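# Architecture at a glance
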Amino acid sequence: MEKLVSLIPLFPLVGFLYITFFGKGLSKNLIGGIGSGAIFLSFIVSIAVFTTQLHGGNPTTVKVLDWITAGTFDIDIAFIVDPLSTIYLLFITGVGFLIHVYSIGYMHDDEGFNRFIAYLNFFVFFMLILVLGDSYVTMFVGWEGVGLCSFMLIGFWYKDMKNNDAAKKAFIINRIGDLGLIIGMCIIFFQTGSLKYDELYISGSEASSLQGWHLHAAAIFLFIGAMGKSAQIPLHTWLPDAMAGPTPVSALIHAATMVTAGIYMVARSSDLFSASDIASDVVTYVGILTAILGATIALTQNDIKKVLAYSTVSQLGLMFVALGLGAYSIAVFHVITHAFFKALLFLGSGSVIHGMGGEQDIRRMGGLKKYMPTTHITFLIGTIAIAGIPPLAGFFSKDQIIAVAFENNILIFVLASLVSALTAFYMFRLYYLTFHGKFRGTHDQEHHLHESPKVMTIPLVVLAGLSIVGGFIGFPHAVGHSVHFPHWLDHFLEKTVVMPFMEADVATESILMIVATVIALVSTYFAYNMYKKNEELALEDDEIESSTHLTLVNKYYIDELYDKIIRKPVDQLSAFIGKFIEPNVVDGLVKQVSAIPQGIGAATKLVQNGKMVMYILAMIIGLIVLLITLI
Amino acid sequence: MLTIALIALPILLATVIFILGGKAAKNIALGGSLVQLALTIFAAIQLHQGQTALLNFNQVWMGSLGINLAFSLDGISIVLALLSAVVSPLIIYSTFNKTLKNASVFYGLILLMLGSMMGAFLAADAFIFYIFYEIALIPIYFLILIWGQGEDRAKVTLKFFVYTIFGSLFMLISLLYVYQHTTPRSFAFDAMYQAGQALSVVEQGLVFAGIFIAFAVKMPVFPFHTWQPSTYQAAPTAGTMLLAAIMLKMATYGLIRLVLPMVPDGLTEYGSWAIGLSVIGIVYGSLMAIAQKNFKLLIAYSSIAHVGLISAGILSGNIQGVQGGLFEMLSHGILAVAMFYVYDMFESRLGHDDINKMGGVRDGHATFAFLYFALVMGSVALPFTSGFVGEFLLLIGLYQANGWYALFGGLTVVLGAVYMLRAFQKMMLGPASAVTTAFSPMTKQDKIILIVLVALVAILGVYPDPIMKMSNTAVESILATIR
């Protein structure tokens, strides 16, 4: 059964190749069918492979191809089947399939339809390699591959240079992270002689040879990789710009799957991170800072996709908080629920943008609920889920992150609760401004408002369903124990990731749940009061006066800062080297040296008849003469 | 005998072309290079099966001096032989759309150069290596002088020529010094290794310095590189391809053959300056590439960065570094031919290679955009392209020498993406423009060459193992002589 795993990435790869090379002239529906069909097949096989693990199968490795050999460095293309990889398989292919179907409707009138579906298939292929690889190197194949697809899809509408710039920015910032990851791998290989998970972690012996600063450095450098891919401070700035791509891309790549690769990688390395308290602290604090930064910026954004993008940054931060506190399985839990509701919200925003004829500014929306009933209801469900209101999915996962914080670090607990409150507020702000009140767009837009076709709304409905029930795979421990409803996910993952030590009793856990609920509800009420009851509107750009507000709207001016301290200096340094150092210093030295023989050369001009062959002949003759005299 | 055939075939064909001349020259050259490819593959299969009878040749030449005509094809040489054999038909074919004066001389010189480079790659005797290493200069000198571009190319080629010869002198002195310590006198690699290792550490350090300077000029490594961009610029595209794809590999190959096993202690004790310069070259070359607006120069400087990494990795002296270096030579050779071909496509269509004056080409040239983008990805070392395997192993190897080297040299991962993506976007993307219409569709020749190169980049990236396994044993045995 496990052998089937090789088929899972194969289907999307074949889909990509087929559409790219033979797709010309086929109908859009057929192309869409091939693209989504490929992912659906992967989904079916993923379920089969997942079942083996569900029934207590042992983690196995399936080798596909010898890949790189260099002495003790011996890496295969091989896939690992274990609880962590199979749970990722399920939601990548499941959510991926829904987004493919949705794209058939969303991209229907785009001239690049074939290319789009092909790229999406290619992306899923690499994402599957990422989670299936049995070593850091194989994972890195997927890691860079998804970055490539992200680049191609952000810049999908390549005629607009703004999109290309966003794509380039994403790729380059990710590469900074990747360099960290590479160095991390170098350290691990140098110290342990291996980069395969089963040699490093499952047997437990190899990783333990990582000691002292090597251990901390290895974990921190790996985390730098995660910062890039999962948009953590200071490498977060690419993600909001990545919204330049078509909305299904934002849903699939920049919310549900690729950006959670960093969480996957840290969870995969849980033995390493749990052994390094320094690295874990770094992860926690970077995570919480990012969570706050994202949430505060999201308060003031007016582009529907930008709000969701900063929300993603913030939620990813919370996941890293869980990782840093040693609750690896809970981070994975939040990855899964987040994939459901954030994909739902993005696809919902896509439906809105579709209906609004490309408009993304929520100040030009309002009152959409009567025009787009399905989009409205499903978006509301997504909003409730992310806001952390029980019993929807986001509540369970987020509540457990906050509970872990409560047990470990009271400061983090307070800050995480604050993020939670902000989340509920900005999401309901977004919801009310979009779907309630009066329509504020042009007359033309109002005239064209329509609900999206079924091919788009059905995925919304399915995701809404998952956002409602998804949380029950991780019912709180103590309370769950008392009502005989165990935390299934923790139980499932305990074979592959280090488990947190949980000591909360039923009372503590219950109180924390109530506190979290109250925070979410109060925050929701504030948003309701402001944007629904008092019908306040978001300010136009030139109306903003408060400097705090301006700072937030301008994302703390971090892009401007990077421009000043990194991009411009590098360009200036390049120009300086090119204009001055190279011709005057480096080549200048060469000219000085070459001036010496030129003086001598004048005397020997007779020999220099311009024929280079003479030089060589003279040289060889000289050489032989030299040899003979030596002997 | 096979090894001799691999060297003799191009040289004999060159003679035939010189004598016959005429229109058939280019077809003879192409056909000959394809035969060469077939022979090399045959040799690779022999090697793979462990049948080395045909792969070694040893004939006394100047007996009193201990110089033998000794050639041997092992797991290291085969990588370079394959590289030459694979790219030379492509380089020759890439000129088919050009009208050349004295075409027969042109193709004859290319074949001569291939023959002499093959001689260097297969030599099992230091003296023979040196001779072939130097002789290869003559044909390329004329190729640039006669068929090159730019008014000042005579000056440029002279600088290239003198600089390289000057560098080689240091190698000659080093080799002679080691030779003097052999008993009985011999230039055979094994004898030279033994004599070299017996030298004191200081002597080894000096011998290393001499050899490295020669190779540093040829590769080139910072700060010995200033001849390179102007020479690449002046050379006809085929000449640039020969220089970048194959010729500089004689130097990186030489590091494995003549430095690691001959003066290992000198390298370890006094070699860090050379690794340091190589690493500086990685960043320096990348920054220079960022500053360029001419595509050909951009590729030239990026080559300095890539070669710096190869040099640094090999000098780390561990198996990952050397294996990575070897594989990166193969990959870099293929990508260099590809990138200079892309340059030529733009230059011949637009009459310039200024990336700031391009854009929008993708519109209506989807296939070309796809192929060019695949090459860009190979050049930034994305996994599943040939570029990744070498670069990753080189960094793993370099880290073992010194973590800071790997961190600093690893900046190529970031900077490479900066200049390559910028060039691609400026040339290809954006709204359709006058450039879009001026860029005529790909010809059959363009398609064949680019598709073959992209296929090679992909195949070597996904399945490098057969080649890696072939070289692995040979590299292990070279490194074993050190201990």
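Residues numbered from 1 in each chain as written. Chains lettered and ligands numbered in written order. Predicted model: local features only at pLDDT ≥ 70, side-chain atom pairs only at ≥ 80, totals over all residues.

## What about helix α14 (residues 272–291) of chain B?
Quick reminder of the rule: Put simply, DSSP H or I for four residues or longer makes a helix, DSSP E for two residues or longer makes a strand, and each gets a number counted from the N terminus. Residue count minus one, scaled by 1.5 Å, sets the expected span of a helix. Using C-beta atoms placed from the backbone, we call a residue buried if 20 or more other C-beta atoms fall within 10 Å of its own, exposed if 12 or fewer do, and partly exposed for counts in between.
Compared with an ideal rise of 1.5 Å per residue, which puts 20 residues at 28 Å, α14(B) spans 29 Å between its outermost C-alpha atoms and is within 8% of the ideal. Taken across its 20 residues, α14(B) has 16 buried, putting it largely inside the fold.

## Focus: the interface of chain B and chain A
So the rule is basically this: Once C-beta atoms are placed from the backbone, any two residues with those atoms within 7 Å are in contact. Throughout, the ten residues Ala, Val, Leu, Ile, Met, Phe, Trp, Tyr, Cys and Pro are labelled nonpolar, Asp, Glu, Lys and Arg are labelled charged, and all others, Gly among them, are labelled polar.
Contacts between the two partners involve 52 residues from chain B and, on the opposite side, 47 residues from chain A. For the side of chain B that touches chain A, the residue count by class is 36 nonpolar, ten polar and six charged.

## What about the nonpolar core?
Condition: Any nonpolar core is a set of buried residues, restricted to Ala, Val, Leu, Ile, Met, Phe, Trp, Tyr and Cys, that join up through C-beta atoms within 7 Å.
The biggest cluster of nonpolar side chains holds 425 residues, and the ones touching the most others in it are A:Ala343, B:Val337 and B:Leu375. Residue contributions to this core peak at 18 residues, all from helix α16 (residues 319–350) of chain B. Those residues within four positions of A:Ala343 in sequence are excluded, and the remaining contacts are A:Val95, A:Ile99, A:Ala251, A:Ala255, A:Ala256 and A:Leu463.

## Overview of the domain arrangement of chain A
All names here are of chain A. How we decide: Domain boundaries shown here were taken from an automatic or database domain assignment.
If you check the domain split of chain A, you get domain 1 (2–558) and domain 2 (559–630). Listed as interface residues are four residues of domain 1 and, on the opposing side, four residues of domain 2. Grouping the amino acids of the side of domain 1 that touches domain 2 by side-chain chemistry returns two nonpolar, one polar and one charged.

## Some points on helix α8 (residues 212–229) of chain A
Residue and element names in this part refer to chain A. With 18 residues, α8 extends 27 Å from end C-alpha to end C-alpha; this agrees with the ideal 26 Å at 1.5 Å per step. By the criterion of burial, α8 is predominantly enclosed, with 15 of the 18 residues buried. Looking one or two places after α8, you find Ala231, whose phi comes out positive at around 50°.

## Digging into unusual backbone geometry
In the segment running from B:Thr183 into B:Pro184, the intervening peptide bond is cis, with an omega of -15°. Along the chain, the position of B:Pro184 falls in the loop between α7 (153–180) and α8 (189–198). B:Met219 connects to B:Pro220 through a cis peptide bond whose omega is -5°. Tracing the backbone through its elements, the reader meets B:Pro220 in the loop between α9 (201–218) and α10 (227–234). One non-glycine residue, A:Lys555, lies in positive phi territory at about 55°. Its place among the elements puts A:Lys555 in the loop between α24 (547–553) and α25 (558–603).

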